[in-house]
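# Observations on the three-dimensional arrangement
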Amino acid sequence: MIDLSQETIYRYKQFIDWTDTLRDLNDNIWFSSIAEGKATVAEIISHLRQWDHYLLHTIIPALRTGEGMVFPDFDSFNQQAYEFARSGVTKDSMLDEFKQTRLQLVETLLAEPDIAAKHVTANGIANCPHTGTPYSLLYIIYEFIQHDIHHQNQILSVIG
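The following paragraphs examine the structure supplied in this document. Note that this is a predicted model, so its numbers are computed, not measured. (Residues numbered from 1 in each chain as written. Predicted model: local features only at pLDDT ≥ 70, side-chain atom pairs only at ≥ 80, totals over all residues. Heavy atoms only, no water.)

## Comments concerning unusual backbone geometry
- The residue Asn-123 is not glycine, and still its phi comes out positive at about 50 degrees.
- Its place among the elements puts Asn-123 in the loop between helix H6 (113-117) and helix H7 (137-159). (Helix = DSSP H or I, 4+ residues; strand = E, 2+ residues; numbered from the N terminus.)

Okay, here's the thing in structure tokens:
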């Protein structure tokens, strides 16, 4: 059984500690692809920031009004994040935006536990097809922790 509790939210917040260590990367590594034809470190952080922003500014307001969660087409959504990373935004600015957005999302989740735990649909589906777990924003956060770890491992493979 998956533990969907405040502990999940605190684990989500802890990722900030690791991303703060990326401030020491030189720009060659920051703009390095994790593998040929794949995203750069900068693009990955932009991608994570954009998903947090989407949860905070689109999903949470929808849940407050009784709607389900609707997620956009991943490829085009992620492409927007990659373009932002290539727009000239500095590493420190990107990391600051990621941190600020993640903290704001965590604070909102902790302040509104009923919204976070409420069983809702995700793109019209009530339960995760892989686990059978009823969807909630807290379950999405649990999945995003796994997503963070996946990207952390990709970045670590580049920075050594």
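After that view, the rundown keeps rolling.
## Quick word on the nonpolar core
- Counting 28 residues, the largest nonpolar core has Leu-55, Met-69, Phe-71 and Leu-137 as the members making the most contacts within it.
- For this core, the secondary-structure elements that each account for two or more residues are helix H1 (6-20), helix H3 (41-64), helix H5 (91-111), H6 and H7.
- The next biggest cluster of nonpolar side chains, apart from the first, holds 19 residues, and it includes Ile-16, Leu-22, Leu-95 and Phe-98. (Core = buried A, V, L, I, M, F, W, Y, C linked by side-chain atoms within 4.5 Å. Buried < 20%, exposed > 50% of the residue type's maximum accessible area, 1.4 Å probe, protein only.)

## Concerning the pattern of salt bridges
- Taken as a whole and judged by the stated rule, the model has nine salt bridges.
- Among the ionic pairs, Glu-43 bridges to Arg-86, the shortest N-O distance being 2.4 Å. Within this pair, whereas Glu-43 is found in helix H3, its partner Arg-86 is found in the loop between helix H4 (74-85) and H5, the two being separated by 43 residues in sequence.
- Given the relative accessible area of 7%, Glu-43 is considered buried.
- Note that Glu-112 is salt-bridged to Arg-64, the shortest N-O span being 2.5 Å. (Salt bridge = Lys/Arg side-chain N within 4 Å of Asp/Glu carboxyl O.)

## Quick notes on the side chain of Gln-50
- In this fold, Gln-50 is placed in helix H3.
- Judged by its relative accessible area of 10%, Gln-50 falls in the buried class.
- Within polar-contact distance, the side chain of Gln-50 engages the backbone nitrogen of Ala-81 at 3.4 Å.
- Once you skip the residues sitting within four places of it in the chain, Gln-50 turns out to touch Phe-77, Gln-80 and Ala-81. (Polar contact = N/O pair within 3.5 Å; in protein donor to acceptor, adjacent residues only side chain to side chain. Contact = heavy atoms within 4.5 Å.)

## A look at the layout of surface pockets
- The space that makes up the largest pocket amounts to roughly 400 Å³.
- The wall of the largest pocket is formed by 16 residues, among which Phe-71, Phe-74, Ile-140, Glu-143 and Phe-144 lie closest to the centre.
- Within the residue set of the lining of the largest pocket, elements represented by two or more residues are H3, H4 and H7.
- If one sorts the elements of the lining of the largest pocket by residue count, H7 sits on top with five residues.
- For the lining of the largest pocket, a count of residues per class yields nine nonpolar, six polar and one charged. (1 Å grid on protein atoms, 1.4 Å probe; cavity = no way out; pocket = protein on both sides within 12 Å on 5 of 7 lines; lining within 4 Å. Points joined across faces, edges and corners; volume = space filled by probe spheres on them. Nonpolar A, V, L, I, M, F, W, Y, C, P; charged D, E, K, R; others polar.)

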